[in-house]
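Coordinates in review
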Amino acid sequence: MLLFMALAACSGQREEPITTPWGEVLDSIPTSDDFDLSDIQQAGEMILLTLRGPATYYDYRGQQLGLRYLVAQRFADHLGVRLRVDICRDTTEMRQRLIDDDPDLTATRDTIYISGDKPALAKAFKAWYSPRRLAEIGKEEKRLLATGGVRRRVFSPMLNRQGGVISRYDGLFVQYAREIHWDWRLLAAQCYQESCFDPLAVSFAGAKGLMQIMPSTASTIGVPAEKLFEPQQNIAGAVKFIAKLENTFSDIPKHERQNFVLASYNGGCYHIRDAMALARRDGKNERRWVEVAPYVLRLSEPQYYQDPLVKNGYMRGSETVDYVRKIRQRYQQYRGVKGPSGGLNFTPQKAQNQKHRQKFQ
């Protein structure tokens with residue numbers, strides 16, 4: 001249940017003790033009512049101070065989530081202002097920020113807090129907020145997480161099993177997989193996991209097309225946002241992004257790198273690097289996915305995502321690990337499928353070995 005707390009309203013400029021959202025009484029700090037609701041609306045921005053965590057704030061496939069964050073965002077929308085989120089590493093930093101910066105809202109796992117020197121903002125929040133509104137926002141978040149938030153038509157994992165045709169886009173997968181030295185069938189398996197081969201799929205976060213590319217990502221790989229529903233443009237753009245991830249993980253052996261790239265495509269490379277750092281600390285091989293994956297899962301637990309080694313906080317690690325597993329399973333099902341040319345497609349290493357054998361025969 002969302003708890004709403006406001007300090008006793010104050011007027012003028014004077015020293016007041018402050019009680020933090022977790023009940024600690026801090027030394028007296030100067031407060032004033034000079035910057036309240038009307039000033040926030042005139043500035044067009046409201047500041048939320050919070051921590052990373054499943055109930056407060058986290059990134060999910062390019063979309064910011066967390067119940068407290070969503071409540072603050074809806075309140076900001078109600079006021080007609082944008083919401084700026086300032087992330088604290090821990091309660092110690094939050095304590096200092098409360099003293100130094102006097103944010104408009106402060107969110108912890110259990111509380112949204114408005115300081116008493118903003119009585120008009122506190123009154124507006126109290127009038128807007130209700131348990132029913134909180135329940136609706138909570139249901140919305142659960143619905144998005146349960147479905148992945150993707151509007152798409154579900155096509156069969158194989159267009160023509162007897163004829164060895166995976167999808168109508170096989171030719172594009174063959175063409176562009178060469179650029180990253182991937183087996184085209186692995187790219188096809190990833191595409192099915194992303195969109196079920198629906199070129200018009202759209203996620204709740206705005207990711208579009210066959211490979212679910214975010215418009216913000218598209219701009220960095222040279223694909224116009226209006227072209228994301230075009231299969232060739234979408235697959236070509238996804239391959240460019242995969243190439244960037246391949247370069248990011250160039251320190252990982254090639255035979256392991258694909259798993260790290262797939263995980264990063266889904267959950268973000270910074271989270272994967274956090275998991276690698278935890279694995280290294282515990283004496284595991286940070287360059288083997290089977291040893292890193294358990295730490296990706298643990299990034300949903302406070303004792304891990306709050307660890308000083310972790311720079312990017314909480315993540316839904318179970319989804320990312322499951323994403324890699326499902327793609328790998330489907331890829332195994334696709335192995336042996338004939339490509340559009342009618343011949344069996346080899347992985348790059350197997351193809352290279354065959355060339356060497358022919359050379360010396």
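Let me sum up the structure you'll find in this document. Bear in mind that the values here come from a model prediction, so they are computed numbers and not experimental data.

Regarding its fold elements, the protein presents 15 helices and eleven strands. Out of the 361 residues belonging to the protein, those deemed buried represent 48%. Residue pairs at least 24 apart in sequence account for 63% of intrachain contacts in the protein once pairs closer than 6 positions are excluded. As displayed, the protein offers around 17,800 Å² of accessible surface, 50% of which is attributable to carbon and sulfur atoms.

With that settled, the discussion passes to the packing of helix α9 (residues 231-248) against helix α10 (residues 254-267). Packing of α9 against α10 leaves a shortest axis separation of 9 Å and a crossing angle of 120 degrees. In terms of orientation, α9 and α10 fall into the oblique class. Every pair of crossing elements has a handedness; the one defined by α9 and α10 is right-handed. On α10, the residues that touch A238, F241, I242, L245 and E246 of α9 are K254, R257, Q258, V261, S264 and Y265. In terms of residue class, the contact of α9 with α10 is built from six nonpolar, two polar and three charged.

Here we take up the nonpolar core. Judged by nonpolar contacts, the single largest core of 61 residues is most densely connected at F173, W182, L187, M211, I235 and W289. Counting only elements with at least two residues in this core, the list comes to α6 (170-180), α7 (184-195), α9, α10, α11 (269-281), α12 (289-298) and α14 (317-334). Broken down by element, this core gets its largest block of residues, seven residues, from α7. With sequence-adjacent residues up to four places away left out, F173 is seen in contact with S167, W184, L187, A188, C191, F197 and I235. Membership of the second largest hydrophobic core comes to 33 residues, among which are Y57, Y58, L83 and I114.

Here is what the cut-offs are and how they apply
Here the residue numbering is sequential within each chain, running from 1 through the sequence in written order. In keeping with the model being predicted, local features are shown solely for residues with a pLDDT of at least 70 and side-chain atom pairs are shown and tallied solely at 80 or more, while totals for entire chains, interfaces and linings include all residues. The side-chain quantities take in all heavy atoms of the structure and omit both hydrogens and water. Segments assigned H or I by DSSP are reported as helices when at least four residues long, segments assigned E as strands when at least two residues long, and all are numbered from the N terminus. Think of it in three bands: residues with accessible area under 20% of the maximum for their type are buried, residues over 50% are exposed, and the middle band is partly exposed, with areas taken using a 1.4 Å probe on protein chains only. By definition, residues are in contact when any of their heavy atoms lie within 4.5 Å. For the accessible areas, the method is Shrake-Rupley and the probe is 1.4 Å, while residue cover comes only from the protein chains on display. For helices, the fitted line uses only the C-alpha atoms of the stretch in contact; every axis is such a line through C-alpha atoms, and the angle between N-to-C directions lies from 0 to 180 degrees. These descriptions rest on fixed angle ranges, namely under 35 degrees for roughly parallel, over 145 for roughly antiparallel, 65 to 115 for roughly perpendicular, and the rest for oblique. By convention, the crossing between two helices is left-handed when the near helix turns anticlockwise from the far helix through less than a right angle, and right-handed when the turn is clockwise. Three residue categories are used. Nonpolar comprises Ala, Val, Leu, Ile, Met, Phe, Trp, Tyr, Cys and Pro, charged comprises Asp, Glu, Lys and Arg, and polar comprises the others, including Gly. Residues enter a nonpolar core if they are buried and are Ala, Val, Leu, Ile, Met, Phe, Trp, Tyr or Cys, with the set joined through side-chain atoms within 4.5 Å.

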